[in-house]
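Structural characterization, general
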Amino acid sequence: MMTGSNCDCLICKLEISLMAELADNQNGEAFRLFTASSLVLSGFPTALKLIQHLHHHENENPSPSSDEVLLALLRFGPDPPFHAMRQRLFLLVFIPTFHRTTSHIITSFPSLTRDDTAQHVITAFLEFLHSDELRSHRSHLAFTIARMMRRRAFRWAIYESRRSLPGETDLTPTARREAHVGEERSRSDIWLGQFFDNCQRRGWLSHEERELVTKFKLEGISGPELARRNGHSEVAIRHRVQRILDRLRRIAQKSNSATPKQLDLFPH
């Protein structure tokens with residue numbers, strides 16, 4: 001969460017509004033009714049506890065994993081009577097991702113405004129959240145949702161940048177680079193995911209290590225934020241990620257597949 005931030009952007013205002021709604025006594029009762037039919041969700045006494053669990057998840061048993069919680073939330077679907085509660089919870093879980101993605105886009109495409117970009121980031125998120133494609137996934141849900149949201153948001157940003165340059169036949173160097181990177185990521189995400197899956201099956205990579213690398217290198221969560229979540233120093237987090245990547249590079253270099261080049265996503 002963006003707690004403690006002095007930011008006054010649309011996303012932070014949305015977070016404050018959603019938190020106030022969930023703190024209301026009537027919505028507190030609605031949350032208990034919402035979670036009562038789920039063994040996983042009923043373990044959280046309040047909505048805030050559920051959000052905190054997903055933001056600070058450390059894979060310690062007997063706590064449910066982030067995938068278990070997100071799958072339980074997805075099972076409710078978009079239908080009444082719990083649609084509003086489900087949507088509030090999902091929005092709050094991904095507030096930090098909205099904020100990072102919006103900042104990244106407006107840095108790459110300075111002609112776009114922060115509020116317009118934030119609105120389209122959230123729209124891209126909600127569209128994918130209600131898609132059949134998401135329902136086919138059973139693992140790494142947070143990464144999958146964040147990746148698809150970013151991809152759709154960047155496509156919108158590229159299109160809007162082109163429209164804002166009448167008489168120009170090409171994008172700025174930064175926008176061209178982002179467009180190319182977006183296309184490459186679509187393929188490399190699949191290859192890298194397959195490589196990680198294989199390493200996990202063979203016992204070369206634990207679920208916890210995969211989540212750490214994914215959050216730090218792919219989702220862009222900062223070292224200080226990961227350190228705060230996991231109770232370790234930033235230096236310890238960075239050293240651990242580097243050790244994991246060094247091991248994966250050695251494994252990839254010994255294989256006969258085309259996988260090794262995917263680790264170029266993670267420069268030394």
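What comes next concerns the included structure. Every value quoted in this text rests on a predicted model; they were computed, and no experiment measured them. (Residues numbered from 1 in each chain as written. Predicted model: local features only at pLDDT ≥ 70, side-chain atom pairs only at ≥ 80, totals over all residues. Heavy atoms only, no water.)

Turning our attention to the environment of Val93. Secondary-structure assignment places Val93 in helix α5 (residues 83–93). Distance in space between the C-alpha atoms of Val93 and Leu70 is 9.7 Å, their sequence separation being 23 residues. With residues near it in sequence (within four places) discarded, Val93 still touches Ile51, Leu54 and His55. (Helix = DSSP H or I, 4+ residues; strand = E, 2+ residues; numbered from the N terminus. Contact = heavy atoms within 4.5 Å.)

All right, on to helix α3 (residues 47–55) then. When α3 is considered as a whole, its buried residues turn out to be Ala47, Leu50, Ile51, His53, Leu54 and His55. If you follow the buried residues of α3, they end up packed against α1 (10–23), α2 (25–35), α4 (66–74), α5, α6 (95–108) and α12 (223–230). (Buried < 20%, exposed > 50% of the residue type's maximum accessible area, 1.4 Å probe, protein only.)

Looking now at the environment of Gln242. By secondary structure assignment, the location of Gln242 is in helix α13 (residues 234–254). Gln242 gets classed as partly exposed once you look at its relative accessible area, which sits at 28%. Each C-alpha atom, one on Gln242 and one on Val213, is 9.0 Å from the other, the two residues being 29 residues apart in sequence.

Glancing now at the side chain of Glu211. As for its position among the elements, Glu211 is in helix α11 (residues 207–218). Under the relative-accessibility criterion, Glu211 is labelled buried at 12%.

According to the stated counting rule, one finds 8 salt bridges in the structure shown. Lys13 is the partner of Asp8 in a salt bridge, and the nearest nitrogen-oxygen pair spans 4.0 Å. Looking at Lys13, the relative accessible area reads 46%, which means it is partly exposed. Ionic pairing is found between Arg210 and Asp197, a salt bridge with its closest N-O pair at 2.6 Å. A residue pair is termed long-range when its members are at least 10 positions apart, and Arg210 in helix α11 and Asp197 in helix α10 (residues 173–201) qualify at 13 residues. Overall, Asp197 belongs to the partly exposed group, its relative accessible area being 32%. (Salt bridge = Lys/Arg side-chain N within 4 Å of Asp/Glu carboxyl O.)

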